[in-house]
Amino acid sequence: MNAADASALPVGVSPPPPPTSPIYLDNGGTTALDPEVHAGLCARLALPLGNPNAAHEAGRAAREMLETARGDLAVLLGGKPEEIVFTSGGTESITLALLGCTPVRTGRVAVSAVEHSATRTAALALTEQGMALDVVPVTPTGLVTPEALTATLRPDTRIVSLMLAQNEIGTISDLASLIPLVRRLAPKARIVVDAVQGFTKVPVRLAALGADCVAITAHKLHGPIGIGALWTRLPLTPLFKGGGQERGQRGGTQPAVLAWALVEAARRAVADVDASRRMAALRDRLVEEVGHHLPGVTLTGEPPGPTRLPNNAHFCIPGLPSEPLINALAAAGVAASAGAACSTGKARISPTLQALGRRAEEGAFVRLTVGRFTTEACVVEGAARLAACVEPLRRAYAGR
Ligand code: PLP
């Protein structure tokens, strides 16, 4: 209702409060489209593009867009165009890597205890096909250590899956040390890296990590949902063969425009050389504001610095459970994530937090993640609204 409408209200009736402006602090969940990528997408969607596998002019134009994107992504990753398979996103890339990287279904698959559900479920699928599963434990801050790998891997380990950066708590793995160790401990193992959260935020050349397969997605870096890629030098068994697209490794007509958008979003994220510093400064301001409003709140995971994603804050807030807090935040216009899921109506702690040895009784766990376009006003207001949500819930849950 605008001011003119308000003047039409009966005397004594106040106008409704203005709608709460949204505060988006769930960039670990997904990110808003980079405006330049949005404009480029719209322009390209209007072009007369055909099926990139067709011989005619419209097909040739789409093929050129697709192959240019592949070449540009190869440069960003430090690999070769023929090492890139376009997919629908991180989940598909990880599943293709785990299920497609070795035709052998004997021996063992090892995954870290804090892998994303995409990896966990793909590893479980391998156990249904005859492989044994080993889980590599992590430290209380989510790090895989050389000791844990040494204790877990065996000479018959055939697949090892690790993360570049953890999605809930933002812990960055020391893959430069861990991957050579995996090669020594399990020489027959294919190494899969989930770089979905880390790509463009962790300054590494993914193809030079020494892994066999690296999975990325566009929507964590201000690109569109629905496009990702897998980098690999291995021949892959496709999850679906279709018409043999992507050199027989992933069937289905390729979305050339989305491939362009993935690469443009990644290129712009990498070119924004100040982005990590800006995001870390915003995250640090957020931590400071939350600490100011809510003494006793602790940060989960590694301290801010080189072993933590610059955009990630994950808090443990004593005195209330997670789920009502996330709901209250949503009602207050703050997009946040719990790091805990709800199963059959009963609040439970996420597998990641369980792996860190955390317990639901400790309080509410909430992840707040900034992006390249987040403003300082947004983090300051987000922290204030968080505090305003916490206080009444604490009173409601006191003594329960
Ligand atoms: N891996 C990690 C670490 C993630 O954070 C996500 C998404 O949340 C995925 C994999 C899955 O990626 P996508 O949403 O593109 O399927």
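Note that the structure is a prediction, hence the values are computed from the model and not measured. (Residues numbered from 1 in each chain as written. Predicted model: local features only at pLDDT ≥ 70, side-chain atom pairs only at ≥ 80, totals over all residues. Heavy atoms only, no water.)

### Description of the side chain of Asp212
Inspection of the secondary structure assignment puts Asp212 in the loop between β6 (190-194) and β7 (213-217). Residue classification places Asp212 among the buried positions, given a relative accessible area of 14%. A polar contact is formed between the side chain of Asp212 and the side chain of Arg183, at a distance of 3.2 Å. Beyond its immediate stretch of four places on either side in the chain, Asp212 contacts Arg183, Ala189, Arg190, Ile191, Trp231, Thr232, Arg233 and Leu234. (Helix = DSSP H or I, 4+ residues; strand = E, 2+ residues; numbered from the N terminus. Buried < 20%, exposed > 50% of the residue type's maximum accessible area, 1.4 Å probe, protein only. Polar contact = N/O pair within 3.5 Å; in protein donor to acceptor, adjacent residues only side chain to side chain. Contact = heavy atoms within 4.5 Å.)

### Observations regarding the sheet that holds strand β14 (residues 364-369)
Strand order in the open sheet formed by 3 strands is β9-β10-β14, with antiparallel pairing between adjacent strands. The sheet is open, and its two borders are formed by β9 (298-299) and β14, each paired with just one other strand. Bridging between strand β10 (residues 312-317) and β14 involves 6 bridges; their strand directions are antiparallel. Note that in β14 the partner of Ile317 across the bridge is Ala364. Contacts from helix α11 (residues 322-331) reach β10 and β14 within the one sheet, and its direction differs from that of β14 by about 40°. (Pairing = 2+ DSSP bridges. Axes fitted to C-alpha atoms, helices over the stretch in contact; angles between N-to-C directions.)

### Thoughts on the packing of aromatic side chains
The tally for this structure, following the rule as stated, stands at 0 aromatic pairs. A cation over an aromatic ring shows up here: Arg44 above the ring of Trp260, its NZ or CZ 3.9 Å from the ring centre. (Phe/Tyr/Trp six-rings, centres within 6.5 Å; stacked < 30°, edge-to-face > 60°. Lys NZ or Arg CZ within 6 Å of the ring centre and 35° of its normal.)

### Describing the confidence of the model for the protein
Chain-level statistics for the protein give a pLDDT mean of 94 and a share of 93% at 70 or above. Confidence drops under a pLDDT of 50 for residues 340-347, and excluding neighbours within four residues, the segment shows 8 contacts in the predicted structure. (pLDDT = per-residue confidence, 0-100.)

### Considering the sheet that holds strand β3 (residues 108-112)
With mixed pairing, the 7 strands of this open sheet are ordered in space as β2-β8-β7-β6-β5-β3-β4. Edge positions in the sheet fall to β2 (84-87) and β4 (132-136), since each has one partner strand and no second. With direction set aside, neighbouring strand axes in the sheet form an average angle of 20°. Those strands touched by helix α3 (residues 57-77) are β2, β7 and β8 (228-232), and its axis lies near 115° from that of β2.

### Observations concerning helix α7 (residues 175-185)
Every buried residue of α7 is listed here: Leu175, Leu178, Ile179, Leu181 and Val182. Seen along its axis, α7 keeps its buried residues to an arc of 165°; they face one direction. Residues Ala176 and Arg184 are exposed on α7 and point more than 90 degrees away from its buried face. Where α7 is buried, its residues touch α6 (146-152), β5 (157-163) and β6. (Arc of directions from axis to C-beta.)

### Regarding the site of the ligand
Lining the immediate environment of the ligand, one finds 13 residues, of which Gly90, Thr91, Asp194, Thr217 and Lys220 sit closest. One of the side-chain N or O atoms of Gln197 is found 2.8 Å from an oxygen atom in the ligand. For the ligand, whose accessible area on its own is 390 Å², the fraction buried by protein is 86%. Looking at the shell around the ligand element by element, the count peaks at 3 residues for helix α4 (residues 90-100). By residue class, the composition of the shell around the ligand is 3 nonpolar, 8 polar and 2 charged. (Near = heavy atom within 4 Å. Areas by Shrake-Rupley, 256 points an atom, 1.4 Å probe, with all protein chains shown as cover. Nonpolar A, V, L, I, M, F, W, Y, C, P; charged D, E, K, R; others polar.)

### A few points about empty space enclosed by the protein
One pass over the structure, following the stated rule, counts 2 cavities of 30 Å³ or more. Space inside the largest cavity adds up to approximately 100 Å³. What lines the largest cavity is a set of 15 residues, among which Thr200, Lys201, His222, Met279 and Arg372 lie closest to the centre. Examining the composition of the lining of the largest cavity, we find that 3 residues originate from one element, helix α10 (residues 275-293), more than from any other. For the lining of the largest cavity, the per-class residue count stands at 5 nonpolar, 7 polar and 3 charged. When residues of the lining of the largest cavity are assigned to domains, at least three map to each of domain 1 (3-28 + 273-398) and domain 2 (35-271). What the second largest cavity holds in volume is close to 60 Å³. (1 Å grid on protein atoms, 1.4 Å probe; cavity = no way out; pocket = protein on both sides within 12 Å on 5 of 7 lines; lining within 4 Å. Points joined across faces, edges and corners; volume = space filled by probe spheres on them. Domains from an automatic or database assignment.)

### So, the packing of α10 against helix α13 (residues 376-397)
Closest axis-to-axis distance for the α10/α13 pair is 9 Å, and the angle between their directions is 30°. As far as their axial angle goes, α13 and α10 are roughly parallel. Helix-helix and strand crossings are classified by hand; for α10 and α13 the assignment is right-handed. Residues Leu282, Arg285, Leu286, Glu289, Val290 and His293 of α10 form the contact with α13, whose own contacting residues are Glu376, Val379, Val380, Ala383, Ala384, Leu386, Ala387 and Glu391. (Parallel < 35°, antiparallel > 145°, perpendicular 65-115°, else oblique. Left-handed = near helix turned anticlockwise from the far one by under 90°.)

### A look at the pairing of β3
Along β3, 5 of the 5 residues are buried, which leaves the element largely enclosed by surrounding structure. Across the two faces of β3 the burial is the same, with Arg108, Ala110 and Ser112 and Val109 and Val111 all buried. Pairing of β3 with β4, which is carried by 5 bridges, proceeds in the parallel orientation. The partner of Ala110 across the bridge, within β4, is Asp134. In terms of handedness, the path from β3 via helix α5 (residues 117-128) over to β4 forms a crossover that is right-handed. Across 4 bridges, β3 lies against β5 in parallel orientation. When the sheet's bridge partners are listed, Val109 is paired in β5 with Ile159. (Right-handed = clockwise from strand over helix to strand, strands pointing away.)

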